[in-house]
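# An overview of the molecular structure
As a plain string of letters, each chain reads:
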Amino acid sequence: MTALGVVLGAALVGCGSSGDSPGHAAPADRATAAAHAPDRAPATASPAAKKPPFLAPGPDGLTPVLERGPNRTDKVVALTFDADMTADEGPRAAAGEHFDNPELIALLRRLKVPATVFMTGRWAEEYPAQARSIGTDPLFEIANHSYSHYAFTSPCYGLPTLEEDAIGGEVERAFGAIRKTGARNVVPYFRFPGGCYDDASLRALAPEKVTAVQWDVVSGDAFATDADAVAQQVLDGVEPGSLVVMHCTRSAAPVTDEAVDQVVPELRKRGYRFVKVSELMTG
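What counts and what doesn't
- In this numbering scheme, every chain counts its residues from 1 along its sequence in written order.
- It should be noted that, the model being predicted, local features are given only for residues of pLDDT at least 70 and side-chain atom pairs only at 80 or more, the latter also being counted only at that level, while totals for whole chains, interfaces and linings use all residues.
- Note that the side-chain values use all heavy atoms of the structure and ignore hydrogens as well as water.
- Working definition: helices are DSSP H or I runs of at least four residues, strands are E runs of at least two. Numbering for both runs from the N terminus.
- Burial classes follow relative accessibility: with a 1.4 Å probe on protein chains only, a residue under 20% of its type's maximum area counts as buried, one over 50% as exposed, and anything between as partly exposed.
- Accessible surface area values rest on a Shrake-Rupley calculation with a 1.4 Å probe, where residue burial reflects the displayed protein chains alone.
- Residue contacts follow a heavy-atom distance rule, with two residues in contact if any of their heavy atoms lie within 4.5 Å.
- Summary of the metric used: pLDDT quantifies the predictor's per-residue confidence within the range 0 to 100.
- Any pair of Phe, Tyr and Trp rings, taking the six-membered ring for Trp, is counted once the centres come within 6.5 Å. Such a pair is stacked with planes under 30 degrees apart, edge-to-face with planes over 60 apart, and tilted for the rest.
- Note on geometry: a ring has a charge over it if NZ (lysine) or CZ (arginine) is within 6 Å of the ring centre and within 35 degrees of the ring normal.
- To obtain each axis, a line is fitted to C-alpha atoms, and for helices this fit is confined to the stretch in contact; angles are then taken between N-to-C directions over 0 to 180 degrees.
- Relative orientations are named as follows: roughly parallel for angles under 35 degrees, roughly antiparallel for angles over 145 degrees, roughly perpendicular for angles from 65 to 115 degrees, and oblique for any other angle.
- For any pair of crossing helices, the crossing counts as left-handed if the nearer helix is rotated counterclockwise from the farther one by less than a right angle, and right-handed if it is rotated clockwise.
- In this classification, Asp, Glu, Lys and Arg are treated as charged, Ala, Val, Leu, Ile, Met, Phe, Trp, Tyr, Cys and Pro as nonpolar, and every other residue, Gly included, as polar.
- Pairing between two strands is assigned when DSSP locates at least 2 bridges connecting them.
- In these notes, a set of buried Ala, Val, Leu, Ile, Met, Phe, Trp, Tyr and Cys residues joined through side-chain atoms within 4.5 Å is what counts as a nonpolar core.
- Basic side-chain nitrogens of Lys or Arg form a salt bridge, by our definition, when they fall within 4 Å of a carboxyl oxygen of Asp or Glu.

## Quick notes on the overall build of the protein chain
- Along the protein chain, the regular secondary structure elements total 10 helices and 11 strands.
- A total of 283 residues make up the protein chain; the buried ones form 57% of that total.
- Surface exposure of the protein chain reaches about 11,600 Å², of which carbon and sulfur atoms provide 53%.

## Quick notes on the side chain of threonine 211
- Here threonine 211 lies in strand 8 (residues 211-213).
- Apart from residues lying up to four places away in sequence, threonine 211 is in contact with Phe54, Leu55, Pro64, Leu66, Pro188, Tyr189, Phe190 and Met281.

## Section: the confidence of the model for the protein chain
- Across the protein chain, pLDDT averages 87, with 83% of residues at or above 70.
- Per-element averaging of pLDDT across the protein chain places strand 1 (residues 12-13) at the bottom with 38 and strand 5 (residues 115-119) at the top with 99.
- With pLDDT under 50 throughout, residues 1-48 is counted as low confidence; its partners more than four residues away or in other chains account for 103 contacts.

## Some words on the packing of aromatic side chains
- Going through the model one piece at a time under the given rule, you end up with 5 aromatic pairs.
- With a centroid separation of 5.2 Å and 40° between ring planes, the pair formed by phenylalanine 152 and phenylalanine 190 is classed as tilted. One end of the pair, phenylalanine 152, is in the loop between strand 6 (140-144) and helix 6 (167-180); the other, phenylalanine 190, is in strand 7 (residues 186-190), and 38 residues separate them in sequence. By the burial criterion, phenylalanine 152 is buried, and phenylalanine 190 matches it.
- Here the aromatic rings of phenylalanine 192 and tyrosine 197 are separated by 5.0 Å at their centres, their planes lie at 20°, and the arrangement is stacked. In this structure, phenylalanine 192 and tyrosine 197 share a single accessibility class: buried.
- Members of the aromatic cluster, connected to one another through ring pairs, are Phe152, Phe190, Phe192 and Tyr197.
- Here the basic side chain of arginine 173 rests over the ring of tyrosine 147, its NZ or CZ set 3.7 Å away from the ring centre.

## Some details on the packing of helix 3 (residues 102-111) against helix 9 (residues 256-269)
- Running from N to C, helix 3 and helix 9 cross one another at 20°; their axes reach a closest spacing of 9 Å. Between helix 3 and helix 9, the crossing angle belongs to the class labelled roughly parallel. Helix 9 is crossed by helix 3, and the crossing has right-handed handedness. When helix 3 is examined against helix 9, the residues Glu103, Leu104, Leu107, Leu108 and Leu111 are found in contact with a partner set consisting of Thr256, Asp257, Val260, Asp261, Val264 and Arg268.
- Considering only residue class, the contact of helix 3 with helix 9 consists of 6 nonpolar, 1 polar and 4 charged.

## Side note on the pairing of strand 5
- Within strand 5, 5 of the 5 residues are buried, which leaves it mostly tucked inside the rest of the structure.
- Burial along strand 5 is two-sided: the residues Ala115, Val117 and Met119 and Thr116 and Phe118 are all buried.
- As paired strands, strand 4 (residues 76-83) and strand 5 are joined by 4 bridges and run parallel to one another. Residue pairing in the sheet places alanine 83 in a bridge with methionine 119 of strand 5.
- Taken together, the 5 bridges between strand 5 and strand 6 define a ladder with parallel strand orientation.

## Notes on the nonpolar core
- Counting 61 residues, the largest nonpolar core has Phe81, Leu108, Met119 and Trp123 as its most contacted members.
- What leucine 108 contacts, discounting residues up to four positions off in sequence, is Phe81, Val113, Ala115, Leu139, Phe140 and Val260.

## A few points about the pattern of salt bridges
- With the rule as written, the count across this model stands at 9 salt bridges.
- In this structure, arginine 250 engages aspartate 100 in a salt bridge whose closest nitrogen and oxygen atoms are separated by 2.8 Å. With a gap of 150 residues between them, arginine 250 in the loop between strand 10 (242-247) and helix 9 and aspartate 100 in the loop between helix 2 (90-94) and helix 3 connect regions that are remote in the sequence.

Set out below in structure tokens:
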């Protein structure tokens, strides 16, 4: 990452026309039902119907990057969840590997925790009913995590790397796959696979008119088996305006729901309020 690419406290463009290890959550049948719940859109127009805020372009027209909310005094925090699945993991899913986490979504609903899910297009194609359920629930919003979860710059945790001229198509294909499921609460935010980016990738992403959203708190839930350790890492890192990165992928982050079940009540006890990224961005 480069400092040039980070735009914190950049001018906010409101309502612009741009761009788009098992936990102790609910039993599987209850969780699955909640994850596939029918639409729960409000009967009347709500703020979710308005175009979400986004950041103005950075220096030299680079895609702006948000790592933490602009308001550093109010106790608000955004929990974000990456729904990872690469373009070539279909056979693993067919063999029974779970790239989803319906128990986590059910837990967030029971706890009434707003959240932003950064979804790959491939995940949306594998779990269209879940993507639609998440994307029609006003508690959540869906942002773009690329189609294939291939890296936008290299090296990046061993991920295959896209060519720069393929970046725009990756983002557009992901938005298309997500919207094809019927998801409506789709916001013009993007998260780089692996969190890896440089100025070249920010420049290549700029025509898509998205705000890149990173984080200031790493949960450490990826491949973790100790939910207590994950929860403590989040609790130790959160400050007013924090963005927390976690995962919505059972096979790669098996204790996330259990950690969230600890984090949410403790942060509320400390006076924190949970918001989606679109709300965090407005301060």
